[in-house]
Amino acid sequence: MTDARVLDADVGVVGAGPAGMVASARLAAAGLSVVVLDEGQRAGGQIFRQLPGGAPHPARGAEPPSHARGDTLLAAFADRDVTLRRGATVWDARPGRLWFEQDGASWLLRCRRIVLAPGAYDRCVPFPGWTLPGVVTAGALQVMVRGFGVVPGQRALVAGSGPLLLPTVTALTGAGVEVVAALEASSRWRALRALGGVLGNGGRRREAAWYARRLLGAGVRLRWGWTVFACEGDGRVQRAVIGKVDRDGRPRRDTARTIEVDVVGAGFGLVPSIELGLRLGCAARFVAARGGHCLVVDGAQRTSVPEVLAAGEICGVGGAEVAMAEGDVVAGTILHELRGIAPPAAAGRRAAAERRAADRLLAAFAPLPGLHELATPATIVCRCEDVTLQQARDAAALHGTSARAIKLGCRAGMGPCQARICGPSLQALAAGRPDQPMDLPVVQLPVRPVTTATILAAPAG
Amino acid sequence: MVETADLVVVGGGIVGCSVVHQLARLLPNTTRIVLVDRGPIAGATSGSSMGHLMVTPDDAAAYALTIASVRLWRDLQQRRGGFHYQATGALYLADTDADVAMLPVLRDQFVARGDSAELLDARQLRDLEPGLAPDLQAATFYPGDAVVLPMLACGVMLREAQAACPGLVVRPDCAVLGFDRDGDRLAAVRTAQGTIATRTVVNATGVWAPDLAELLGQPRLPIFPRAGNLAITGHHGTPVRTQLLEVSYLRFAHGAAAVDPTRTDDRGGHAVNVQPQSNGSCLIGSTRQFRGMDRTLNRELLHRSLLRAQRYAPGLAAAPIVRTWVGLRPYAIDKQPLIGPWPPVPGLWIAAGHEGLGITLGPITGRLLAQQIAGVPCDVDPTPYLPARFCA
């Protein structure tokens with residue numbers, strides 16, 4: 001049986017990634033008490049991932065220049081009087097209250113302001129064989145290599161879309177994995193649109209140049225307008241069928257060819273993790289190029305719910321630079337509200353500029369509707385409940401085409417992941433409406449799975 | 001051009017789907033039936049329910065109705081399947097001396113109906129379910145209960161109906177806005193997707209049945225929403241294979257409610273129902289509370305149900321809960337479902353008010369109503385369920 005535990009702080013921050021670290025370090029520096037809750041065992045989030053116990057990074061040289069910023073940030077964060085709660089799962093919230101589970105104990109954090117900076121998760125696009133062992137998301141590959149020093153295989157395929165394919169490739173090559181193919185579904189011509197977002201921004205320019213050099217050095221050529229059609233193998237992935245896609249992402253079957261691989265990282269961009277915001281009642285809107293449904297914030301990073309602020313990917317996927325800039329704005333807003341310190345206008349301008357640059361970049365990698373044609377009727381679309389595309393289509397045809405109707409008609413999205421994995425593709429696939437926004441997900445308690453014991457031991461708030 | 005139909009069934013829950021399912025088998029295959037629902041098929045009470053097929057032995061008529069319906073469920077499973085039917089049986093458990101004394105009484109009730117049930121001692125109980133709390137001394141095991149996934153079952157029924165009756169149209173997200181009358185008789189249903197001319201309408205809208213009656217200018221039917229909180233665990237393997245019920249469940253769920261359903265200060269009650277699912281997750285219920293159409297979670301009642309479930313199956317303490325939700329049971333004031341014609345409006349039929357037995361009774365309800373509409377003899381005497389009992 002767990003004991004009830006209550007914490008008090010001026011500010012409760014969810015997520016110790018770039019946004020959460022910047023915000024909490026600044027708030028703590030100004031003398032506010034800050035508690036940061038993170039699911040991971042170390043600060044840094046997905047992008048500035050640290051190895052356990054300060055272990056030397058096997059691929060230290062494989063970190064791009066922007067990550068030096070991460071090192072500085074991690075050091076500053078460690079210096080500040082910020083309480084980091086590691087391995088903390090936030091499962092319920094209301095303004096001023098965050099309930100979380102940590103090491104089997106049930107906790108309540110009471111705070112005057114909530115900062116939501118939970119980041120994003122990988123967008124999965126189902127294709128035949130995507131559930132085979134050895135086929136993981138690009139994010140998962142980075143967790144293995146950069147977070148745990150695990151080398152997942154010898155011959156890798158990295159496929160998907162968006163800037164995060166590059167660190168996945170360099171993490172693998174840095175760890176000694178041969179990257180047999182690196183496939184970007186967007187066309188080179190579509191990517192040209194992103195050029196303004198890269199060239200107009202010094203940091204991004206240096207970053208792009210660094211990746212170009214790394215890929216060249218490792219002998220990896222990024223192929224534009226290609227993707228993975230299917231993965232095959234006996235018990236685990238042994239082969240991948242790859243080929244060209246048209247400008248909408250539709251597979252051109254005549255270009256299919258088979259390559260031998262033992263690990264596949266598929267990353268079709270990111271989806272903002274907005275569940276806590278929805279649980280708190282925050283307004284959301286759909287922006288395809290930002291990964292789907294995002295929380296609505298004002299120029300001060302305030303959500304529609306008083307005393308709840310948000311920064312980083314939860315407001316729309318934008319990357320670490322945007323997250324850090326928005327984290328800075330969050331700190332300014334809270335210091336203004338709680339301490340009467342006027343927020344620096346420059347912070348807001350910088351965040352807005354970073355956001356604009358990110359939007360320009362990511363517009364080139366907005367999800368391609370044609371990629372939904374990769375799945376065949378027999379392809380699993382919901383891996384929690386083993387629902388095939390055909391079953392999901394039958395459900396949509398009979399029960400209705402809303403996300404909820406599809407779920408009711410075939411159980412897709414009802415399992416442990418609660419549609420985090422299948423949700424972004426499910427409705428498009430089942431209802432045959434790849435161009436339309438998916439319905440806003442319905443969030444029910446608990447926001448993340450926690451034990452019965454945790455729910456029962458939750459301190460009343 | 002106005003769409004025409006021989007029948008319009010309003011409500012795409014298990015009752016409406018079953019009505020259509022049975023009508024399609026009884027009426028000529030040229031019959032044009034339209035099923036409409038304001039939301040998705042199985043989107044309200046049916047989609048929120050536990051899917052327990054429960055045979056109730058405490059009353060002869062209730063036993064006849066539930067056993068007949070559970071047999072129809074078994075037939076559907078054998079004929080079609082596809083809705084995760086599991087013959088879990090039911091293990092009735094007791095925690096107080098008074099409830100322990102009920103265990104043999106319950107067994108005797110099943111036996112008196114010509115059915116079978118077993119009284120298990122502590123050792124037999126341990127052999128059957130090693131995951132139960134070690135201090136439990138006795139239980140009654142009834143093998144006839146089962147578990148289904150109601151929302152998938154709705155789909156199976158509708159697909160079978162469509163195969164038998166090509167004129168069946170299923171229209172989700174199509175709310176009924178009003179009715180046109182031709183004198184006493186019904187003339188048309190006005191929906192969000194247009195008007196359907198018809199002389200026959202079935203009100204199978206569960207907790208909304210009183211609203212639909214009102215739309216027809218009729219008095220509100222005495223059906224009241226009774227909320228239940230539910231939780232489901234992850235796929236980590238259930239601590240039990242048999243469905244668990246507290247023996248007090250029967251009087252709690254199907255006995256007279258201790259409170260007036262029109263009151264708003266009902267604090268609610270609880271009796272354990274733990275249901276292993278085919279995918280390794282476990283449903284934990286059940287609570288009951290009258291509080292109108294409010295579907296927000298009642299944390300206190302949820303906590304009570306989780307605590308009590310753990311008391312019987314301690315392994316649940318460590319089980320991750322992935323989701324909780326609230327469903328509304330349509331509670332009829334005299335605790336009997338309404339199945340039959342509504343005499344003041346010729347052509348209007350009702351199938352609603354099943355409280356927590358809607359999934360169990362779905363098939364027999366559809367059958368009794370379809371048999372009445374088709375003018376053929378009923379499988380079970382429908383008299384106790386005729387809605388006319390509420391006609392002034």
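Predicted model only: the values in this text are computed from it and were never measured.

Outline the overall build of chain A, listing residues and values.
Within chain A, the secondary structure is distributed over 14 helices and 22 strands. The globule rule puts the C-alpha radius of gyration for 461 residues at 23 Å, and the 21 Å found for chain A is close to it. Here the C-alpha coordinates of chain A stretch approximately 65 × 50 × 40 Å along the principal axes. Here chain A holds 461 residues, and the buried ones make up 54% of them. When contacts within chain A are restricted to residue pairs at least 6 apart in sequence, those whose partners lie at least 24 apart make up 69%.

Which residues make up the overall build of chain B, and what values go with them?
From N to C terminus, chain B includes ten helices and 20 strands. Taking 2.2 N^0.38 as the reference for a compact globule, 392 residues should give roughly 21 Å; the C-alpha atoms of chain B span a radius of gyration of 21 Å, in line with that estimate. When its C-alpha atoms are laid out on the principal axes, chain B stretches across 70 × 45 × 40 Å. Across the 392 residues in chain B, those meeting the buried criterion constitute 54%. Residue pairs at least 24 apart in sequence account for 75% of intrachain contacts in chain B once pairs closer than 6 positions are excluded.

So, the interface of chain B and chain A: which residues are in play, and what are the values?
Taken together, the contact between chain B and chain A spans 29 residues of the former and 23 residues of the latter. Elements supplying a minimum of two residues to the side of chain B that touches chain A: helix H6 (150–164), helix H9 (299–312) and strand E18 (320–332) of chain B. Considering every element that reaches the side of chain B that touches chain A, the biggest residue donor is E18 of chain B, with six residues. Considered class by class, the residues forming the side of chain B that touches chain A number 18 nonpolar, nine polar and two charged. Relative to E18 of chain B, strand E22 (residues 450–451) of chain A is paired through two bridges, and the arrangement is antiparallel. Counted as the bridge partner of Thr451 of chain A is Pro320 of chain B from E18 of chain B.

Give a description of the pairing of strand E12 (residues 194–197) of chain B that names residues and reports values.
All names here are of chain B. Across two bridges, strand E1 (residues 3–4) lies against E12 in parallel orientation. For Glu3, the partnering residue across the bridge sits in E12 and is Ile196. Sheet topology places strand E11 (residues 185–191) next to E12; four bridges connect them, and they run antiparallel. Among the inter-strand pairings, Ala188 is bridged to a residue of E12, identified as Ala197.

Lay out the sheet that holds strand E9 (residues 155–161) of chain A with the relevant residues and their values.
Residue and element names in this part refer to chain A. Spatially, E8-E15-E9-E10-E11 is the arrangement adopted by the five strands of the open sheet, whose pairing is parallel. Looking at the sheet topology across the chains shown, the edges are occupied by strand E8 (135–137) and strand E11 (222–224). Direction aside, the axes of adjacent strands within the sheet are offset by 20° on average. Strand direction decides the pairing type here: E9 and strand E15 (residues 263–268), joined by six bridges, are parallel. Residue Ser161 lies in a different strand from E15, and its bridge partner there is Phe268.

Break down the domain arrangement of chain A for me, citing the residues and quoting the values.
A common way to report how large an interface is uses the accessible area buried once the components associate. Taken domain by domain, chain A consists of domain 1 (4–121 + 271–363), domain 2 (124–268) and domain 3 (375–431). Each of domain 1 of chain A and domain 3 of chain A has a C-alpha centre, and these two points are 31 Å apart.

I'd like a rundown of the sheet that holds strand E13 (residues 201–203) of chain B, residues and numbers included.
Through backbone hydrogen bonds, the strands of a sheet pair up, either in parallel or in antiparallel fashion. Residue and element names in this part refer to chain B. Strand order in this open sheet of six strands is E9-E3-E2-E13-E20-E19, and the pairing throughout is mixed. With one partner strand each, in any of the chains shown, strand E9 (169–171) and strand E19 (338–341) form the two edges of the open sheet. Neighbouring strand axes in the sheet, compared pairwise and without regard to direction, differ in orientation by 15° on average. Sheet strands in contact with helix H1 (residues 14–26) are strand E2 (7–10), strand E3 (33–36), E13 and strand E20 (348–352), and its direction is about 170° off that of E3. Its contacts with the sheet place helix H10 (residues 358–374) against E13, E19 and E20, and it is angled at close to 10° to E19.

I'd love a proper account of the confidence of the model for chain B, names of residues and values included.
Overall, the predicted model of chain B reaches an average pLDDT of 94, with 98% of residues at or above 70. The complex prediction reports pTM at 0.94, with the ipTM value standing at 0.92.

Can you break down the environment of Val241 of chain A residue by residue, with the values?
Residues and elements named next belong to chain A. Its place among the elements puts Val241 in strand E13 (residues 239–244). Sequence separation between Val241 and Phe229 is twelve residues, and the spatial gap between their C-alpha atoms is 5.3 Å. Aside from chain neighbours lying at most four places away, what touches Val241 is Phe229, Ala230, Ala256 and Thr258.

Which residues make up unusual backbone geometry, and what are the values?
Cis geometry marks the peptide bond from Leu445 of chain A to Pro446 of chain A, where omega comes out at -10°. As for its position among the elements, Pro446 of chain A is in the loop between helix H13 (423–431) and E22. Of note, the amide linkage connecting Gly285 of chain B to Ser286 of chain B takes the cis form, showing an omega dihedral of -10°. The topology assignment puts Ser286 of chain B in strand E17 (residues 282–288). Backbone geometry at Glu307 of chain A places phi at a positive 70°, although glycine is not the residue there. Unlike most non-glycine residues, Ala42 of chain B shows phi in positive territory, near 60°.

Could you give an account of helix H4 (residues 97–112) of chain B, naming the residues involved and the relevant values?
Residues and elements named next belong to chain B. Between its first and last C-alpha, H4 extends 23 Å over 16 residues, near the 22 Å set by a 1.5 Å rise per residue. Taken as a whole, H4 carries its principal kink of about 25° at Leu103; the proline Pro104 stands between one and four residues after it. The set of residues buried in H4 consists of Met102, Leu103, Leu106, Arg107, Gln109 and Phe110. Residues of H4 that are buried sit in contact with strand E5 (90–93), strand E6 (118–121) and strand E7 (138–142). Positioned one or two residues after H4, Gly114 has a phi angle of 80°, which is positive.

What counts as what
- Residues numbered from 1 in each chain as written.
- Chains lettered and ligands numbered in written order.
- Predicted model: local features only at pLDDT ≥ 70, side-chain atom pairs only at ≥ 80, totals over all residues.
- Helix = DSSP H or I, 4+ residues; strand = E, 2+ residues; numbered from the N terminus.
- Rg over C-alpha atoms; globule rule 2.2 N^0.38 Å.
- Buried ≥ 20, exposed ≤ 12 C-beta atoms within 10 Å, placed from the backbone.
- Contact = placed C-beta atoms within 7 Å.
- Nonpolar A, V, L, I, M, F, W, Y, C, P; charged D, E, K, R; others polar.
- Pairing = 2+ DSSP bridges.
- Axes fitted to C-alpha atoms, helices over the stretch in contact; angles between N-to-C directions.
- Domains from an automatic or database assignment.
- pLDDT = per-residue confidence, 0-100.
- Expected span 1.5 Å × (residues − 1).
- Bend = angle between axes of the 7 residues up to and from the residue.

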